[in-house]
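Spelled out, the chains give:
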Amino acid sequence: MQPMKYWEIVADRLHAGGWSYGIAEHLTKRGLLFCVDAHRDGKRFIVKADDLLTAFLSLERDATRQNVA
């Protein structure tokens, strides 16, 4: 069994909070660009970043912000 990656831990926390998420990888001239999104109750958040952990951490911050209407 392989150890869990940090981004998977963040993804599990989002899922436990009722969020559905998706991941897309885009090859650019500068390398890979990760695009992750989360949605729940008609709300959707999309984040792009150069690495998967940064993308998921930003997504978690945005999606779970207390004042999200």
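Right, let's walk through the structure included here. (Residues numbered from 1 in each chain as written. Predicted model: local features only at pLDDT ≥ 70, side-chain atom pairs only at ≥ 80, totals over all residues. Heavy atoms only, no water.)

1. Observations concerning the sheet that holds strand β1 (residues 20–28)
Consideration 1: Across the sheet, three strands lie side by side as β1-β2-β3; this open sheet has antiparallel pairing. Looking at which strands have only one partner, the edges of the open sheet turn out to be β1 and β3 (43–49). On average, adjacent strands in this sheet sit at an angle of 15° to one another, irrespective of strand direction.
Consideration 2: Pairing between β1 and strand β2 (residues 31–40): nine bridges, direction antiparallel. Looking at β2, one finds that G22 is bridged to D37. (Pairing = 2+ DSSP bridges. Helix = DSSP H or I, 4+ residues; strand = E, 2+ residues; numbered from the N terminus. Axes fitted to C-alpha atoms, helices over the stretch in contact; angles between N-to-C directions.)

2. Describing the environment of F34
Consideration 1: With respect to the helices, strands and loops of the structure, F34 is situated in strand β2.
Consideration 2: Overall, F34 belongs to the buried group, its relative accessible area being 11%.
Consideration 3: Separated by ten residues in the primary sequence, F34 and A24 place their C-alpha atoms 5.9 Å from one another.
Consideration 4: Apart from residues lying up to four places away in sequence, F34 is in contact with A24, E25, V47, K48, A49, D50, D51 and L52. (Buried < 20%, exposed > 50% of the residue type's maximum accessible area, 1.4 Å probe, protein only. Contact = heavy atoms within 4.5 Å.)

3. Re helix α2 (residues 52–63)
Consideration 1: Compared with the 16 Å implied by 1.5 Å per residue over twelve residues, the 16 Å span of α2 between its first and last C-alpha is a close match.
Consideration 2: Regarding α2, the residues found buried are L52, A55, F56, S58, L59, E60, D62 and A63.
Consideration 3: Looking at the buried residues of α2, the elements they touch are α1 (6–16), β1, β2 and β3.
Consideration 4: Its side-chain oxygen 3.4 Å from the backbone nitrogen of L53, D51 forms the N-cap of α2. (Expected span 1.5 Å × (residues − 1). Polar contact = N/O pair within 3.5 Å; in protein donor to acceptor, adjacent residues only side chain to side chain.)

Honestly, that's just the spatial picture; any functional story needs more than this.
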